[in-house]
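Chain by chain, the residues:
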Amino acid sequence: SIFFEKTNSTFHIKVGTSHYAFCVDQYGGLEHLHFGNWVGMHDFTFLSETDPALNFEPAPAGTQYSMGELLRMVEDEDDIDPHQLWMLSTNMKNERGGDWHMARVENLTWRLRNMWSKNAQEAKKVGGAQKLLQFLDKSSVPLHNVAEEMRVEGHQPGRQGLKGTKLLEVSEFGTGDFRTPSLDVCFRKDGSRLLPLVYKHHRIINGILPSSSGLPVLGKYYSEGAKTLVVDMVDTYTEVKVQLIYTIFPSISAVSRRMVVKNSSKVGLGDVDLMKCMSATFDFSTDDWHMLSLHGGWANERHINTRRIQEGMIHLGSNRGVSSHQMNPFCVLSSGPPAEDHGHCYGFCLLYSGNWLMEVEQSQTGCVRVNVGLSNTHFSWHLGSQESFETPECVCVFSDSGLGNMTQTFQRLIGERLIAPRWQNLICPVLINTWEAMYFEVYHDKIIQFAKPAIEAGVELLVLDDGWFGKRDDDTTSLGDWVPDLRKLPRGLKGLAEDLNAMGLKLGLWVEPEMVNQDSQLYKQHPEWVLHHPARMRSEGRNQLVLDLTREEVQDYIIDAVSQVLNSANIEYIKWDMNRALTDAFSAALPPRQQGEVYHRYVLGLYRIFEVITSSFPHVLFESCASGGGRFDAALLAWCPQAWCSDNSDAFSRTRIQMGTSMWAPVRCMGAHIAACPSHQTHRTHMLKTRFIVALWGTFGLELDLNKLSKQELREMKDLVSLRQKLSKVVLHGEYFRLPGFGYPGASHSNSAGIGDSHVYAWMFVTPEQDRAVVSAIVFHRDTVGKFPSRLKLRGLRPEFHYVLIEHVPTMVEEGVFNGVFQPGGPQFKHRRRLTLTGAVLMEVGIPVHFNFDGDAMLLELQVGSGTPQESNGVHSLFNGKRHAFASG
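Predicted, not measured: the structure shown is a model, and the values here were computed from it. (Residues numbered from 1 in each chain as written. Predicted model: local features only at pLDDT ≥ 70, side-chain atom pairs only at ≥ 80, totals over all residues. Heavy atoms only, no water.)

Asker: Please explain the overall build of the protein chain as it appears in this structure.
Answerer: Helix and strand counts for the protein chain stand at 17 helices and 43 strands. Relative to its full complement of 889 residues, the protein chain shows a buried share of 62%. If you take every contact in the protein chain between residues at least 6 apart in sequence, the share linking residues at least 24 apart comes to 73%. When the accessible area of the protein chain is evaluated, it comes to approximately 32800 Å², of which 50% is carbon and sulfur surface. (Helix = DSSP H or I, 4+ residues; strand = E, 2+ residues; numbered from the N terminus. Buried < 20%, exposed > 50% of the residue type's maximum accessible area, 1.4 Å probe, protein only. Contact = heavy atoms within 4.5 Å. Areas by Shrake-Rupley, 256 points an atom, 1.4 Å probe, with all protein chains shown as cover.)

In structure tokens, the structure reads:
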């Protein structure tokens, strides 16, 4: 719910169990008061009244002149410039008290401008000016009597301190707040950069406010129960308007924010350039603040990094044209070191796929500001008269019980309000991808042979990766020519789809439509369609150039080309790749003054392409990819409900990557496959059990040639795929928990949940009914011989329920004498007998887990019930031989 207390001009936003509050201060600005647990509709203005002003800090405009001083300034003037008089009137203060009534003055200035337009000559006369000012000083009646507008009246709350030390909802450059601003503009006519904003009015609407520029927003597909607060702010001199938009959803402790700037200037200053325009500013009072963020690189994405906030600035972001492998548009601010199961934390996630910026600044007072939005590097946006600019949406989640609760809120919010409803209950099909098995050698007959064992293993979808189009025998040619290579596919995609469908497999396809090779028909026809400066040498990445998606004709070409492919055959899945960052970001289609818009216009063009194609082919499942996880952001989930986490499928690497990704992304969105061994990325070898458990923690697929497996290994793979199908609903649609407090001596509590340097990790999933659960644990390096790990304590269970523990896929060991002691071979379970334990025991006491060797792992299923479960321990067909061949294949 959203409330406005008129008596103290305070907004109260109740979101789930949390409380977001801010007020209109004495200057007409928006002062932040509280973001935390709901405490009721109290007058919070005492929070701002007790902070002292800092010496030598400048006061905002509006504190210089009294009414008497203004009259003395104009009494001897025969000719008063209306603009000058108006500017003087905005600098009045009340002579009868120490508080400055800027919101009241804002009413005066609007009335003054209105009277000028009616009788300019009278306004120039001294007597008229005196009478006018005296009348306005007594007036606080709103200019417009509109029901949904709530103007500020009378005495306003606010601290005695100045603007530079306030907690604010929006901050403008150059008006007394010296922290990093939310907004920076430049008026072209005179080069001025000032935009002091004051509250004008607000409205509360049911539902969401749709994007005006095609940006993804929460609630686009399902907005039931949502409420939106739109606060209009204005620069009273230029009349440039800024809208702050707050959207909430029932029972979810999150606030989404964005900003719209409109150049409605009427004082002849002409066009405006936006130099910086953040989606949201969040200010926090002094605390022991720590930050968690996600960092990495190609094949090493989204590792968890934590640090303590100290005085100064931290910049997170990307200027690569994509959200990037290196940093993810997500961070967490926690009170104290971030912990999985306790403590206050605030998670920030930007719904955007291009250049982004998060600024975390601790000021001299100890207060912390978090700015989230577009990167202002090589950014400017030209606003002509009456033109508007809209920022991407930023989502802020509050949790009073640590990172785990924050994650669950993000995952619920994205699953319910961002992903298209047709995919919300999706059980991702088990797929096999041709890339690591075949690379560019994708010939029809070879694909059919590749598919035969996949069918036997229970695979549902075959994805034809790179190499099927143009003359694509390597990465130097044919991007842009989305026509099947008849040398490889003599019956085209249609013939391949028909043969695979007849065998019981669906067909999926890899595409990279945003790119073009110089050696292609498309480039020969339209060399001007690539991003580059015509007088400079271009740079290439992976032998390819980037198409100029700021051009509508290029967008239309991609839409038509992909649509023709999808219409040509029964294709039910698209893997949409993007294998290089943007450089030479110059568009020959834009005038010089708009070259700072290229990066953002590129992203808007991409969103338009996705909107048109996915609307035209709603049955096709799209997965996004960018050299692996280079564009794994929340925004693309609006069209692509799953994303390839990383080109690195090594089980150890993926554990850390997926642990970080799971901080905000639903598990069912995380593309994860069992890949061949040794790993193509790390050359490490892991047993199939461990690779399976890590791939189960995502969409699940295969990235290897099943023809190279023995009959025994193929049977094992079939059993694992069958087990995945059995557990998939719990894993993909259950509540997700990282499990802290598990590890060997010396490990910190949070290590096993991904924070800090760890060699042991654990996680689990629980159904909404809490009657089933799946638990996984993995050890990287068992270098603590003779030492026992702590007990693994589970989470999210019903304390009074009795759970039967079923251990799947036990570890296989060889028979033999080791260190003089005989060791029997065969399957080794972590527990020698079937256990039935209460949820209270599992969560408070925990269960012992002993790993056999490096890379060992455990997979448990928990079921509630008094009867005997359908299956006994393990998948028995896996254990026909004494020696298990998991490490090969």
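On we go.
Asker: What should I look at first to understand empty space enclosed by the protein in this one?
Answerer: To find leftover empty space, a probe the size of one water molecule is rolled over the atoms. In total, this model carries 11 cavities of 30 Å³ or more according to the counting rule given. One number sums up the size of the largest cavity: a volume of about 70 Å³. Tyr352, Asn355, Leu374, Ser375, Thr377, His378, Phe379, Tyr599 and His600 together form the lining of the largest cavity. Looking at the lining of the largest cavity residue by residue, the classes come out as 4 nonpolar, 5 polar and no charged. (1 Å grid on protein atoms, 1.4 Å probe; cavity = no way out; pocket = protein on both sides within 12 Å on 5 of 7 lines; lining within 4 Å. Points joined across faces, edges and corners; volume = space filled by probe spheres on them. Nonpolar A, V, L, I, M, F, W, Y, C, P; charged D, E, K, R; others polar.)

Asker: Which parts of the structure should I look at to understand the pattern of salt bridges?
Answerer: Going through the model one piece at a time under the given rule, you end up with 40 salt bridges. One salt bridge in this structure joins Lys220 and Glu611, with 2.6 Å as the shortest N-O distance. A residue pair is termed long-range when its members are at least 10 positions apart, and Lys220 in the loop between β8 (198-206) and β9 (227-234) and Glu611 in helix α13 (residues 598-616) qualify at 391 residues. Under the relative-accessibility criterion, Glu611 is labelled partly exposed at 27%. Among the salt bridges present, the one from Arg551 reaches Glu553, with a minimum N-O distance of 3.0 Å. Judged by relative accessible area, Arg551 falls into the buried class, the value being 10%. Among the residues examined, Glu553 registers a relative accessible area of 36% and is labelled partly exposed. If you follow the salt bridges from partner to partner, you end up with Asp177, Arg179, Asp283 and Arg369 in one network. (Salt bridge = Lys/Arg side-chain N within 4 Å of Asp/Glu carboxyl O.)

Asker: Explain the packing of aromatic side chains here, please?
Answerer: A ring pair, where both rings are aromatic, is described by two values, the distance of the centres and the angle of the planes. Evaluation of the coordinates by the stated rule reveals 37 aromatic pairs. Between the aromatic rings of Phe379 and Phe389, the centroid separation amounts to 5.8 Å while the plane-to-plane angle is 55°, which identifies the pairing as tilted. Taken together, the residues span a long stretch of sequence, with Phe379 in the loop between β19 (368-374) and β20 (381-383) and Phe389 in strand β21 (residues 388-390) at a distance of 10 residues. Taking 6.2 Å as the distance between ring centres and 15° as the angle between the ring planes, the aromatic pair formed by Phe610 and Trp639 counts as stacked. Of the two residues, Phe610 is situated in helix α13 and Trp639 in the loop between β29 (621-624) and β30 (642-644); the sequence distance between them amounts to 29 residues. The residues Phe610 and Trp639 share a single accessibility class, namely buried. For the cation-ring pair, Arg257 lies above Phe282, with the distance from its terminal atom to the ring centre recorded as 5.1 Å. A cation over a ring is seen here: Arg654 above Trp644, with NZ or CZ 4.7 Å from the ring centre. (Phe/Tyr/Trp six-rings, centres within 6.5 Å; stacked < 30°, edge-to-face > 60°. Lys NZ or Arg CZ within 6 Å of the ring centre and 35° of its normal.)

Asker: Looking at this model, I keep getting lost on the sheet that holds strand β24 (residues 461-464). Mind explaining?
Answerer: Taken in spatial order, the 9 strands line up as β31-β30-β29-β28-β25-β24-β23-β33-β32 in an open sheet, and their pairing is parallel. Both edges of this open sheet fall to β31 (670-671) and β32 (673-675), since each of them pairs with a single strand only. Across 3 bridges, the pairing between β32 and strand β33 (residues 701-703) is parallel. When the bridges of β33 are listed, Ile674 appears paired with Leu702. Where helix α9 (residues 444-457) meets the sheet, its contacts fall on β23 (431-433) and β24, and the angle it forms with β24 comes to roughly 150°. (Pairing = 2+ DSSP bridges. Axes fitted to C-alpha atoms, helices over the stretch in contact; angles between N-to-C directions.)

Asker: Explain unusual backbone geometry to me, please; I cannot follow it from the model alone.
Answerer: Generally, phi is negative for residues other than glycine and the peptide bonds are trans, each holding for most cases. The omega torsion across Cys677 and Pro678 is -5°, close enough to zero to call that bond cis. Considering the arrangement of structural elements, one finds Pro678 in the loop between β32 and α15 (688-696). For Ser251, which is not glycine, the phi torsion reads 65° and is therefore positive. Residue Ser324 is not a glycine yet carries a positive backbone phi of 95°.

Asker: How should the sheet that holds strand β34 (residues 735-738) be read in this particular structure?
Answerer: Either a parallel or an antiparallel arrangement is found when strands of a sheet pair, and the pairing is made through backbone hydrogen bonds. If you trace the 6 strands from one edge of the open sheet to the other, you get β34-β35-β36-β43-β37-β42, paired in antiparallel fashion. Both edges of this open sheet fall to β34 and β42 (835-838), since each of them pairs with a single strand only. The mean inter-strand angle of the sheet, taken between neighbouring strand axes irrespective of direction, is 25°. Each of β35 (760-766), β36 (772-779) and β43 (857-864) is contacted by α15, which is oriented at about 55° to β43, the strand it contacts most.

Asker: For this particular structure, what's the right way to read the nonpolar core?
Answerer: The nonpolar side chains of a soluble globular protein tend to be buried with one another. Core analysis: the biggest nonpolar cluster contains 217 residues, and Phe348, Trp468, Trp576 and Trp664 have the highest contact counts within it. When residues of this core are assigned to their parent elements, the largest contribution, 10 residues, is made by α13. For Phe348, the residues in contact, after removing those within four places along its chain, are Phe282, Phe284, Pro329, Phe330, Cys331, Leu333, Met358, Val370, Val372, Val395, Cys396 and Phe410. The next biggest cluster of nonpolar side chains, apart from the first, holds 26 residues, and it includes Phe742, Ala773, Leu797 and Ile847. (Core = buried A, V, L, I, M, F, W, Y, C linked by side-chain atoms within 4.5 Å.)

Asker: Could you clarify how one ought to interpret the environment of Glu340 in this entry?
Answerer: If you trace the backbone, Glu340 turns up in the loop between β16 (327-335) and β17 (345-351). Taking the C-alpha atoms as reference, Glu340 lies 6.6 Å from Pro740; in sequence the two are 400 residues apart. With residues near it in sequence (within four places) discarded, Glu340 still touches Ser401, Gly402, Leu403, Gly404, Arg738, Pro740, Ser750, Ala753 and Arg795.

Asker: Is there a simple way to think about the side chain of Ser353 in this case?
Answerer: Along the chain, the position of Ser353 falls in the loop between β17 and β18 (356-362). Setting aside anything within four residues of it in sequence, one finds Ser353 in contact with Gly321, Val322, Ser323, Val603, Tyr607, Arg631, Asp633, Ala635 and Leu636.

Asker: So what exactly am I meant to see when it comes to the packing of helix α12 (residues 552-568) against α13 here?
Answerer: Axes are the key here: two packed helices are described by the angle between their axes and the distance separating the axes. Where α12 contacts α13, the axes come no closer than 10 Å and their chain directions differ by 30°. Considering their axes alone, α12 and α13 lie roughly parallel with respect to each other. Remark: the crossing between α12 and α13 carries right-handed chirality. In contact with Glu552, Gln555, Asp556, Ile558, Ile559, Val562 and Leu566 of α12, α13 contributes Gly605, Arg608, Ile609, Val612 and Ile613. Its residues placed into classes, the contact of α12 with α13 shows 7 nonpolar, 2 polar and 3 charged. (Parallel < 35°, antiparallel > 145°, perpendicular 65-115°, else oblique. Left-handed = near helix turned anticlockwise from the far one by under 90°.)

Asker: Got a minute to help me understand the packing of α9 against helix α16 (residues 711-733) in this structure?
Answerer: Between α9 and α16, whose axes approach to 8 Å, the crossing angle comes to 55°. Taken together, α9 and α16 sit at an angle that is classed as oblique. Touching Pro453, Glu456 and Ala457 of α9 are Leu714, Met717, Lys718 and Val721, all from α16. Class assignment for the residues of the contact of α9 with α16 results in 5 nonpolar, no polar and 2 charged.

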